[in-house]
Amino acid sequence: MSLGGAMQALRCVINSTPHTFEECYFVNDECDCQNASSLKTWKRQKKEEGGGDLSPPETIPEEPSPPETIPEEPSPPETILEEPEPQETTPALKKEDKDASAESASETSRKISFTKKKRSTKKKGRFSVKIAEPSDTDHTASSGAESGKESEDGSSSPLKKAMRKVSTPMKGRFHVKTLREKPHRPSRVSSVENGEMSPGLDFEASFDQAAKNQMTVEALPKLAYYRNQETKSAMARQRPTLRELHAPKEIQHETLENEVDVDVEAGEKKDAVEVEKFGWIKGVLVRCLLNIWGVMLFLRLTWIVGQAGIVYTVVIVLMSTVVTTLTSLSMSAICTNGEVKGGGAYYMISRSLGPEFGGSIGLIFSLANAIAVAMYVVGFAETVRDIMVDHGVSMVDPSNDVRIIGEITVVLLLGVTLVGMSWEAKAQIGLLVILLISMANMIIGMLIPPSNAQEAQGFVGFEGPTFVTNIGPDFRGETFFSCFSIFFPAATGILAGANISGDLKDAQEAIPKGTLLAIAITSAVYAGLAILIGACLTRETTGSLDDLLAGNLTSACKDVTCEYGLLNDFGVAELISAYGPIVYAGIFAATLSSALASLVSAPKVFQALCKDKIFPKTEFFAKGVGPSDDPKRAFVLAFVIAVAFIAIGELNAIAPLISNFFLMSYALINFSCFSASLAKSPGWRPAFKYYNMWVALVSATMCVGVMFLINWWAAVVTIALVTSLYMYVKHTKPEINWGSSTQAYIYKQALSATHKLNNIPAHVKTFRPQVLVLSGLPECRPALVHFCSHLTRSASLLLCGNVIIGEAPDHAEQILSSAQEDWLATQKIKAFPGSVTAPTLRKGVQSLLQLGGVGKIRPNTVIMGYKNNWQEDSHEAVDDYVGIIHDTFDIEYGLCILRIAERFDVSSALSSGSQPDKDEPGKNAPDVQDPVKPLMGDSTKVLRNMQIDNVIKSMSKFQSKMPKGTIDVWWLQDDGGLTLLVPHLLTHKSIWEKCQLRVFAGGSQDDLGREKVELAQMLSKFRIPTDEVEILEDLNKKPQSDTMRQFEELLEPWKLDTENGETHEKFPWKVTPEEIELNKEKTRRHLRVWDLLHHHSESANLIVITLPMPRVGTVSPYMYMCWLEMLSKDLPPMMLMRGNQTSVLTYYS
């Protein structure tokens, strides 16, 4: 059957009449579903009559189709595909066609079944696509013994086989059953090609797309692909990887998973229960209005007008509005720069500035909100207590009455929050209505002419003289900024909506719109009420009717203490109201709404903080309950904190601290906007455009300034607390990466500094060894990497080079692996790993030499391990090793060869293989092509390769402090000073601090004293302290005879045997007699040096010696390796070092 026929059949099934159960026949690429029921009856009759030709006749007796039935419980659309029945095969088909069809079916390699997981409340769900290898009996069972029965899962349908393998034509007939309950709406599944899936396409549209794109697995652009792939939400999907699209099909199939879950409905989560989300009015505007309109409206605004006057009070309101508006602009920019989840201010700050700032502000912000619950509840309880006292009612005493009323109130508030956010939102709406009625009651009362008693207490109605008198300030023990500090905490409710960002339908739209509108409305109301209050109330009066009749209500206050007026009566709001008790209702609404909002905000923010696991042992409070993920555990924690502070009762002392906590949050929100803008990260694309980075910075500064205006000691405590938490989180380094602006800014600064450095000429005083260490996988040669890190730690570049022998496509996974970075981070080594693929080790090192680093931040020194197995390895490998030395000098880099007795390569101990230790620098051993685990395997396998004590010693080498001893520097030739500078730098590291430098140099016996003095003076001018300076007068003597004998034995296998007919053309790697004679004096010198090393430095902690120079065309690889072997064998750790003949030391200042 052709691909077009398969898709035509599926469309026929999908587009068939709804609410029917049909059996569709597909004969010769033609689909017949109209007469399916009649055809089934006709076939059954033919079978009863003895069989015969079962092909569909031209006319079929009609049979009433079954009535449309709808199941009692709606079930999702289900498509069942069934295997054809062999005995019903159309006779018209040729035998060859039937054989081809059977052969095609037997060659099918995969079985795909679409099953749908049922939901309890909705038809939405997730398709599970199961891919399995069928056995040989699968096809037989479906076409033989069970013929005539209808398959329940359609797992062996030819249609699905055609979808998997369209290259083999399949002819025949099959059955398709379709059951639907409602008019069909295409489900969202994935197109399939050979078991591969392309998420996000409609079921029918996927096949249209497949036909158009020849069954491609590429995905169309979908928002779900851009979600955080680490999230547990079902909304996050993963597009086909580059490997799946690019790799050959036979490799591609091997990477398929056995079961793939595909989301059915975008936006559907694991629960089908609808979660109520709030819009910008109920979720943000109402909450901000209630938090900004607090008790300040009824108890303190009148007093501020009395102190500061009308003009200054309006200025105070406007100043508060400026700070909150600018902060809201910054907050709007942040929250429109991507999806905002639960956590409010914490989420925005942490995702912008990182976990350090986010974690610290999230913790103190949650604590501030929890304590604020106690403050608001105590304010409510004190008002109730005062009413009780006025009516002569008391429970215990005034102080304990407040505690009792407060505890009862907070229990009731907890009950409201535990019921659910919807009930809490309804309660907030009711409290807002009461608050609006109270304000309307005050304004209406101002319009009613006052009585004599009201006039005596200061309410004189709207009068011009009163307005003029109250325009200017009349400070009584206060200042403008003290009045501002008292009023500003009323404006700190702008985060009430943002704190429940996870419960908003569209936080990006709701937070800016609701917050800015709330600021505008509340500022206008505060300023308007300040003007109205100043126009109808006097500053102070005696309250006496006699003074009213005498006309000296105000003047009499000079002689007596007045208890009424704006300055003296905090309850003047009740005096000017149309109905006084409604003011108490307004106070109750203001306090309870603020308490309720804080009781919701604190757990929401703390839950988000706990989910991120920034602080230890807080995951318990991250767990939510129900579809809306309500943090009920955190609700209880906030309740306990509130109850504790209500019991303490002394909240006035910590009120400034709470205000400063909020202001610090505002300051960091502004700074987050500034930092993100300054970093110019491509990810900073806020939809809200009405912001400016410099305005955000000014706003952040203003918030810090207001903190000190409110209370300087509270500001100091707040800053100290945030700093301490910041340092703690920075020290613990949680494994979190949110792409903060801090990271973007670091990158920008690093790039800028690199460009500046590239334009600065190099100078000898600024030289530092920048090391390329040929380590291979760093974990395979830990001692070598640790030694190099001592030299470069926190001061220079360290690049760990790894050469992988082979082609790049074959080792792509290893190149892209982060295992090397993880190991270096675990070992606390500051280095950059770099891997290249090449046909040979030398070519790979050449690539590292040419491309390692960027600009001036690139290696200038190569460090590699000594090739211990050079005598057993192939001559090609030895040529490569010595060739790397030549290449290093050709590119004018310094070179260091490090040798230790234990050998560096421990890859055989880290892997499961038993290959011998190669110890080739920079090369990935053949048995450790995959990233190895940084721990030893079976000890018996280790013993096959290396001595167990040598493995342990090698793995722990250079990781602990060196014992007291010496670093002996054999400065035999002047190479520019690198041989002297490197050991000097080592002595400045803590691990080598107990080691003293001893310098050995060659000289003549005739003038030994003078040369020793000159060397000491030169070292003094270089400012390199040494413990001892030694001139070797016998450097040019002949080596010992035993030393000569050892060298001859070492060189013997590599000599060109001309007597047996060996020629240099056939054995170019062997050492010719001419070469031995030419380098005779150099050989004797190197052997003499070995004798002296054993005499002077056999007990040193480290030997640093000038590396012999392998002149091209003069010294062959095996001659050179013999020199290195004799110089370094049977000695302590040795560095054979050679600079690039350019000065790296200077005695000029």
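Just above sits the structure.
Residues numbered from 1 in each chain as written. Predicted model: local features only at pLDDT ≥ 70, side-chain atom pairs only at ≥ 80, totals over all residues. Heavy atoms only, no water.

Together, Lys-730, Lys-733, Arg-793, Lys-828 and Lys-830 make up a positively charged patch on the protein surface. Taking the relative accessible area as the measure of exposure, Arg-793 reaches 39% and is therefore partly exposed. (Patch = residues over 30% accessible without salt bridge, like charges linked within 9 Å, V, L, I, M, F, W, Y side chains within 5 Å. Areas by Shrake-Rupley, 256 points an atom, 1.4 Å probe, with all protein chains shown as cover. Salt bridge = Lys/Arg side-chain N within 4 Å of Asp/Glu carboxyl O. Lys, Arg positive; Asp, Glu negative; His and termini not counted. Charge placed at Lys NZ, Arg CZ, Asp CG, Glu CD. Buried < 20%, exposed > 50% of the residue type's maximum accessible area, 1.4 Å probe, protein only.)

Take the packing of aromatic side chains next. Tallied over the entire structure, the rule returns 25 aromatic pairs. Look at Phe-671 and Phe-674: their rings are 6.0 Å apart centre to centre, the planes differ by 40°, and that puts the pair in the tilted class. In this pair, Phe-671 and Phe-674 both sit in helix H23 (residues 655–679), three residues apart, roughly one turn of the helix. A residue is classified by how much of its surface remains accessible, and Phe-671, at 31% relative accessible area, is partly exposed. The class for Phe-674 is buried, based on a relative accessible area of 9%. (Phe/Tyr/Trp six-rings, centres within 6.5 Å; stacked < 30°, edge-to-face > 60°. Helix = DSSP H or I, 4+ residues; strand = E, 2+ residues; numbered from the N terminus.)

Let us now look at the pairing of strand S13 (residues 861–865). The side chains of a regular strand alternate, first on one face of the sheet and then on the other. With five of its five residues buried, S13 lies for the most part within the structure. Residues Thr-861, Ile-863 and Gly-865 line one face of S13 and the alternating positions Val-862 and Met-864 line the opposite face, and both faces are buried. The pairing of strand S10 (residues 771–774) with S13 spans four bridges and is parallel. The partner of Leu-772 across the bridge, within S13, is Val-862. Relative to strand S14 (residues 894–899), S13 is paired through five bridges, and the arrangement is parallel. Directly across from Gly-865, in S14, lies its bridge partner Leu-898. Handedness of the S13-helix H31 (residues 875–890)-S14 crossover: right-handed. (Pairing = 2+ DSSP bridges. Right-handed = clockwise from strand over helix to strand, strands pointing away.)

Moving on, we come to helix H30 (residues 841–851). Along H30, the residues classified as buried are Leu-841, Gly-844, Val-845, Leu-848 and Leu-849. Along H30, the residues classed as buried sweep out an arc of 140° about the axis, all on the same side. In H30, the exposed positions that point more than 90 degrees away from the buried face belong to Gln-850 and Leu-851. Its buried side turned inward, H30 meets S10, strand S11 (798–805), strand S12 (832–838), S13 and H31. Gly-853 occupies a position one or two residues after H30 and carries a positive phi of about 85°. (Arc of directions from axis to C-beta. Contact = heavy atoms within 4.5 Å.)

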